[in-house]
Amino acid sequence: MIELESGSALDIALQEDSSGRDRVVVTLQAQGYELNLTPHQARVLATALIMAVNRAEVRSNLKHSQNMVRGVQPAGQKRGLFAQAFAK
């Protein structure tokens, strides 16, 4: 079970249908919505979720890296560190 921000939960379960085939059931409990997927459909959904999460992480890392580059230290502080390294 996965708790969501709205206080509801998302549940993922493996169930067998009346024909004995496996189904992946994704239920949004607060609203009572349910996705009844074949294993292949569930795999495609999982792959799409993973790809979206990877893109979000890359974007976040790029923003963080750009902020580090933009957050240049004042020149005096850099010289101070340089001077300390070679102080006699």
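Okay, so let's go over this structure. (Residues numbered from 1 in each chain as written. Predicted model: local features only at pLDDT ≥ 70, side-chain atom pairs only at ≥ 80, totals over all residues. Heavy atoms only, no water.)

1. Things to note about the overall build of the protein
Piece 1. Helix and strand counts for the protein come out as 2 helices and 4 strands.
Piece 2. When the 88 residues of the protein are sorted by exposure, 10% land in the buried category.
Piece 3. For the protein, the share of sequence-separated contacts (at least 6 apart) that also reach a separation of at least 24 residues comes to 3%.
Piece 4. Split by element, the accessible area of the protein, about 7,600 Å² in all, is 57% carbon and sulfur. (Helix = DSSP H or I, 4+ residues; strand = E, 2+ residues; numbered from the N terminus. Buried < 20%, exposed > 50% of the residue type's maximum accessible area, 1.4 Å probe, protein only. Contact = heavy atoms within 4.5 Å. Areas by Shrake-Rupley, 256 points an atom, 1.4 Å probe, with all protein chains shown as cover.)

2. Some words on the side chain of Thr27
Piece 1. With respect to the helices and strands, Thr27 occurs in strand S3 (residues 22–28).
Piece 2. Of the residues examined, Thr27 reaches a relative accessible area of 18% and is grouped as buried.

3. Quick notes on the side chain of Ser8
Piece 1. With respect to the helices, strands and loops of the structure, Ser8 is situated in the loop between strand S1 (2–3) and strand S2 (9–16).
Piece 2. Other than its neighbours up to four places away in sequence, Ser8 contacts Ile2, Glu3, Leu28, Ala30 and Gln31.

4. Notes on the pairing of S3
Piece 1. Within S3, 5 of the 7 residues are buried, leaving the element largely enclosed by the surrounding structure.
Piece 2. In this structure, the hairpin formed by S2 and S3 is closed by a connection of 5 residues, where Gly20 is found at a positive phi of approximately 90 degrees.
Piece 3. Relative to strand S4 (residues 33–37), S3 is paired through 5 bridges, and the arrangement is antiparallel. Paired with Leu28 across the strands is Tyr33, a residue of S4.
Piece 4. Where S3 folds back on S4, the antiparallel hairpin that results is connected by 4 residues, among which Gly32 adopts a positive phi of roughly 75 degrees. (Pairing = 2+ DSSP bridges.)

5. A short note on the sheet that holds S3
Piece 1. The 4 strands lie next to each other as S1-S2-S3-S4, forming an open sheet whose pairing is antiparallel. Only two strands of the sheet have a single neighbouring strand rather than two, namely S1 and S4.
Piece 2. Bridge analysis of S2 against S3 gives 7 bridges, and the strand direction is antiparallel. Counterpart to Leu10 in the pairing with S3 is Leu28.

6. Here's the deal with the pattern of salt bridges
Piece 1. Applying the stated criterion across every chain, the model contains 1 salt bridge.
Piece 2. Arg21 is paired through a salt bridge with Asp17; the nearest N and O atoms lie 3.2 Å apart.
Piece 3. A relative accessible area of 53% places Arg21 in the exposed class.
Piece 4. Since its relative accessible area comes to 21%, Asp17 is described here as partly exposed. (Salt bridge = Lys/Arg side-chain N within 4 Å of Asp/Glu carboxyl O.)

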